[in-house]
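Chain by chain, the residues run as shown.
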Amino acid sequence: MTSVNLPRYHQLLLPTMRSVSELGGSASIVEIMETVIKREGFSDAQQSGLHRNGPDTEIGYRLAWARTVLKGMGLLTNSSRGVWTLTEDGTALLASPAATDLQLSEQIAELRGRYLTDLRAARNAKSSRDEHDEEEPDDAESSAEPHWKEQLLEQLMSIAPDAFERLARRLLREAGFGSVKVTGGSGDGGIDGLGIYQLGLMSFRVFFQCKRYRGSVSPSAVRDFRGAMAGRGDKGLLITTGTFTADANKEATRDGAPPIDLIDGDRLCDLLKKYDLGVRTATRTVEDVSVDTTFFSDI
């Protein structure tokens, strides 16, 4: 685990809620992370520190836990499109203008305690506790989603560089790009490939670059990619298995410079799942069985 000093996930509950509130009551994961990082003043080292050996960053991992627990507490909810929204209870909690951060943190701590107590009680009722259930959720994710994404990212890190570029080409084709070519090589100038994206009656040349990173991509990488595109095209797509620092996201949309679209490891996993590229999704049917006591009383 990273040695970079960071707040525990429960210390990020209120900053996460504040960030979603500042963003209008709903926000994407990237927006939440950027706003929390800015609010808390996390350094580049704190942003880049890996969880265990990666590929996830520690700050991303802890913020994922914060969102998960806030959802369990009924203060946040999320859509299938990855948009997180304050619930009515969450909005009401933040609504008191007289409440200090300390008072809000105490209220959240109380709600968190109730949530964890109820969670343990539910696990006990199902008689399915193991050694992981005895601890608070600091070191393991409760949902299955991070597990498959971590496994997928590790797989992507293990394949050959040219295979990763070919996968990016396949992904772009599945997403609607035409004439996709891999140009990677010693003379590519930082460009791994290009494709033509058709939008209605218009088409755009889009250059892409693939970076297999464990950790965060810095703004200098975005600037270098933009420099490699100079005079060749105005649209760029930077794909990584890692994450992008807040400054890298700002650099990608800097005023006066050609915009660069960023795809981080989390979104890359979602896209591979969407287009069935190396990810199989099986639908399971779960039965909820209950006893109808009125049936027996009417016999």
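So, a few notes on the structure that sits alongside this text. (Residues numbered from 1 in each chain as written. Predicted model: local features only at pLDDT ≥ 70, side-chain atom pairs only at ≥ 80, totals over all residues. Heavy atoms only, no water.)

1. Here's the deal with a nonpolar patch on the surface
So, point 1. Together, Val 291, Phe 295, Phe 296 and Ile 299 make up an exposed nonpolar region whose accessible area comes to about 510 Å².
So, point 2. Along the polypeptide, Val 291 turns up in the loop between helix H11 (265–274) and helix H12 (293–297). (Patch = residues over 30% accessible without salt bridge, like charges linked within 9 Å, V, L, I, M, F, W, Y side chains within 5 Å. Areas by Shrake-Rupley, 256 points an atom, 1.4 Å probe, with all protein chains shown as cover. Salt bridge = Lys/Arg side-chain N within 4 Å of Asp/Glu carboxyl O. Helix = DSSP H or I, 4+ residues; strand = E, 2+ residues; numbered from the N terminus.)

2. What about the packing of aromatic side chains?
So, point 1. For the coordinates displayed, the defined rule picks out two aromatic pairs.
So, point 2. Between the aromatic rings of Tyr 9 and Trp 65, the centroid separation amounts to 6.1 Å while the plane-to-plane angle is 45°, which identifies the pairing as tilted. With Tyr 9 in the segment before helix H1 (13–22) and Trp 65 in helix H4 (residues 58–72), this pair connects stretches of sequence that are 56 residues apart. Like Trp 65, Tyr 9 is buried.
So, point 3. Ring geometry for Phe 177 versus Tyr 197: centroids 4.8 Å apart, planes at 45°, classification tilted. With a gap of 20 residues between them, Phe 177 in strand E4 (residues 177–182) and Tyr 197 in strand E5 (residues 193–199) connect regions that are remote in the sequence.
So, point 4. Take Tyr 197: its relative accessible area is 31%, and that puts it in the partly exposed class.
So, point 5. The ring of Phe 204 has Lys 235 sitting right over it, with the charged end atom 5.4 Å from the ring centre. (Phe/Tyr/Trp six-rings, centres within 6.5 Å; stacked < 30°, edge-to-face > 60°. Buried < 20%, exposed > 50% of the residue type's maximum accessible area, 1.4 Å probe, protein only. Lys NZ or Arg CZ within 6 Å of the ring centre and 35° of its normal.)

3. Re the packing of H1 against helix H6 (residues 101–125)
The description of two helices packed together rests on the angle between their axes and the distance between the axes.
So, point 1. Put simply, H1 and H6 touch, their axes get as near as 9 Å, and they point 110° apart. The orientation of H1 relative to H6 falls into the category roughly perpendicular. Relative to H6, the crossing made by H1 is right-handed. Touching Leu 13, Leu 14, Met 17 and Arg 18 of H1 are Asp 101, Leu 104, Ser 105, Ile 108 and Arg 112, all from H6.
So, point 2. When the residues that make up the contact of H1 with H6 are grouped by side-chain class, the tally is five nonpolar, one polar and three charged. (Axes fitted to C-alpha atoms, helices over the stretch in contact; angles between N-to-C directions. Parallel < 35°, antiparallel > 145°, perpendicular 65-115°, else oblique. Left-handed = near helix turned anticlockwise from the far one by under 90°. Contact = heavy atoms within 4.5 Å. Nonpolar A, V, L, I, M, F, W, Y, C, P; charged D, E, K, R; others polar.)

4. So, the side chain of Ser 216
So, point 1. Positionally, Ser 216 belongs in strand E7 (residues 216–217).
So, point 2. A distance of 2.9 Å separates the side chain of Ser 216 from the side chain of Thr 243, its partner in a polar contact.
So, point 3. Excluding its chain neighbours within four sequence positions, the residues that come into contact with Ser 216 are Gln 47, Ser 48, Thr 57, Thr 243 and Thr 245. (Polar contact = N/O pair within 3.5 Å; in protein donor to acceptor, adjacent residues only side chain to side chain.)

5. Here's the deal with the nonpolar core
So, point 1. Formed by 33 residues in total, the largest nonpolar core has its most connected members in Leu 13, Met 17 and Met 73.
So, point 2. Of all the secondary-structure elements, those providing two or more residues to this core are H1, helix H2 (29–40), H4, strand E3 (83–86), helix H5 (88–95) and H6.
So, point 3. Residue contributions to this core peak at seven residues, all from H4.
So, point 4. Leu 152, Cys 210, Cys 269 and Leu 271 belong to the second largest nonpolar core, which has 21 residues in total. (Core = buried A, V, L, I, M, F, W, Y, C linked by side-chain atoms within 4.5 Å.)

6. So, the layout of surface pockets
So, point 1. The volume enclosed by the second largest pocket comes to roughly 370 Å³.
So, point 2. For the lining of the second largest pocket, the elements supplying multiple residues, two or more each, are helix H8 (161–174), strand E6 (202–211), strand E8 (235–240), strand E10 (260–263) and H11.
So, point 3. Counting residues per element, the lining of the second largest pocket draws most heavily on E8, which supplies three residues.
So, point 4. Looking at side-chain class alone, the lining of the second largest pocket contains 11 nonpolar, one polar and three charged residues. (1 Å grid on protein atoms, 1.4 Å probe; cavity = no way out; pocket = protein on both sides within 12 Å on 5 of 7 lines; lining within 4 Å. Points joined across faces, edges and corners; volume = space filled by probe spheres on them.)

7. Focus on the packing of H2 against H4
So, point 1. Running from amino to carboxyl end, H2 crosses H4 at an angle of 110°, the nearest separation of the two axes being 11 Å. Regarding the angle of H2 to H4, the classification is roughly perpendicular. H2 and H4 meet at a crossing whose hand is right-handed. Mapping the contact onto sequence places Ile 29, Ile 32, Met 33 and Val 36 in H2 and Gly 60, Leu 63 and Arg 67 in H4.

8. Focus on the pattern of salt bridges
So, point 1. Counted according to the given criterion, the structure contains 12 salt bridges.
So, point 2. Taking the shortest distance from any N to any O, the salt bridge between Arg 39 and Glu 22 comes out at 2.3 Å. You can see Arg 39 sitting in helix H2 and its partner Glu 22 sitting in helix H1, a full 17 residues away along the chain.
So, point 3. Between Arg 254 and Glu 251 there is a salt bridge; the shortest N-O distance is 3.0 Å.
So, point 4. Look at Glu 251 and you get buried, because its relative accessible area is 8%.
So, point 5. Through salt bridges that share partners, Arg 223, Arg 226, Glu 251 and Arg 254 make up one connected network.

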